[in-house]
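Observations on chain architecture
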Amino acid sequence: MDKLKDSHKKLFKQFSNGITHNLILWIISKESIHGYGIMKRLEDFFDSENYDIKTSSSKIYPILRKMEKMGLIAGEWEVVNNKRVKYYSITDDGILVLNHIKSNMHKVLTTESWLEYFNDMSGGEIGFVKSD
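Note that this is a predicted model, so its numbers are computed, not measured.

Describing the overall build of the protein chain
The number of helices and strands found in the protein chain is five helices and three strands. A burial count over the protein chain gives 27% of its 132 residues as buried. Relative to all contacts within the protein chain whose residues are 6 or more apart in sequence, the contacts with residues 24 or more apart total 41%. A total accessible area of about 9700 Å² is found for the protein chain, and carbon and sulfur atoms account for 53% of it.

Here's what the structure looks like:
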């Protein structure tokens, strides 16, 4: 990443932010979970040694606040081991948005042009088949 110009780094940051937002919404759709739990789940996707996409509390918590303000998720404080912990769950609006993302993802992964793009960008064969 160091050799990229600042404008190129900005483009990559926009790409990684979009993926991170979508992953967070998807993770929360699977279970009620606290911020630290979300960060640990994101590490399954982006281990710091192999990706330029980084996860940290300074990145995750602002996204959670933004998603909560947008009404996509709801946070509820609970006491766990004498500590206040905020657990997040998906709202009806969040489910609506996530279903829209899923629908578009399905279209992307079943379109020949997108498959060509992903195969080229990944250096491998994605192998999805266009459905009728």
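Regarding a nonpolar patch on the surface
The grouping of Trp114, Tyr117 and Met121 at the surface amounts to a nonpolar patch, some 350 Å² of accessible area in total. Along the chain, Met121 falls in helix α5 (residues 112-122).

Some words on the side chain of Lys86
Tracing the backbone shows Lys86 in strand β3 (residues 83-90). Among the polar contacts made by the side chain of Lys86, one reaches the side chain of Glu68 at a distance of 3.0 Å. If we skip the residues at most four places from it in the chain, Lys86 touches Ile33, His34, Gly35, Glu68, Gly75, Glu76 and Trp77.

Here's the deal with the pattern of salt bridges
Between side chains of opposite charge, a pair can form as their charged atoms come close. One pass over the structure, following the stated rule, counts three salt bridges. A salt bridge links Arg41 to Glu31; the shortest N-O distance between them is 3.6 Å. Remark: Glu31 occurs in the loop between α1 (6-30) and β1 (33-34) and Arg41 occurs in helix α2 (residues 35-45); sequence separation between them is 10 residues. Of the residues examined, Arg41 reaches a relative accessible area of 23% and is grouped as partly exposed. With a relative accessible area of 39%, Glu31 lands in the partly exposed category.

Considering the packing of aromatic side chains
In total, this model carries four aromatic pairs according to the counting rule given. Plain terms: the ring middles of Trp26 and Phe45 are 6.1 Å apart, the flat faces sit at 85° to each other, and that makes the pair edge-to-face. Placement of Trp26 in helix α1 and of Phe45 in helix α2 is noted, with a sequence separation of 19 residues between them. On the basis of relative accessible area, Phe45 is assigned to the partly exposed category, the value being 32%. Among the aromatic residues, those joined into a cluster by ring pairs are Trp114, Tyr117 and Phe118. Positioned above the aromatic ring of Trp77 is the side chain of Arg84, whose terminal nitrogen or guanidinium carbon lies 4.4 Å from the ring centre.

Definitions and cut-offs
- As a convention, each chain's residues are numbered from 1 in the sequence order in which they are written.
- The model is predicted, so local features are restricted to residues of pLDDT at least 70 and side-chain atom pairs to those at 80 or more, both for listing and for counting; the totals for chains, interfaces and linings are taken over all residues.
- Processing note: side-chain calculations cover all non-hydrogen atoms of the structure and skip hydrogens and water entirely.
- Every helix listed is a DSSP run of H or I at least four residues long, and every strand listed is a run of E at least two residues long, numbered separately from the N terminus.
- Burial here depends on accessible area, computed with a 1.4 Å probe over protein chains only, as a share of the maximum for the residue type. Under 20% is buried, over 50% is exposed, and the range in between is partly exposed.
- By definition, residues are in contact when any of their heavy atoms lie within 4.5 Å.
- Here, Shrake-Rupley sampling with a 1.4 Å probe gives the accessible areas, and only protein chains in the shown set may cover a residue.
- Like charges are joined within 9 Å and nonpolar side chains (Val, Leu, Ile, Met, Phe, Trp, Tyr) within 5 Å, but only among residues with over 30% relative accessible area and no salt bridge; these make up the patches.
- Whenever Lys or Arg places a side-chain nitrogen within 4 Å of a carboxyl oxygen from Asp or Glu, that contact is recorded as a salt bridge.
- Polar contact is the term for a pair of N or O atoms within 3.5 Å; when the atoms are in protein, one must be able to donate a hydrogen and the other to accept it, and sequence-neighboring residues count only if both atoms are side-chain atoms.
- By convention, a stacked pair of Phe, Tyr or Trp rings (six-membered ring in the case of Trp) has centres within 6.5 Å and planes under 30 degrees apart, an edge-to-face pair has planes over 60 apart, and any other such pair is tilted.
- Charge-over-ring placement is defined geometrically: NZ (Lys) or CZ (Arg) within 6 Å of the ring centre, and within 35 degrees of the ring normal.

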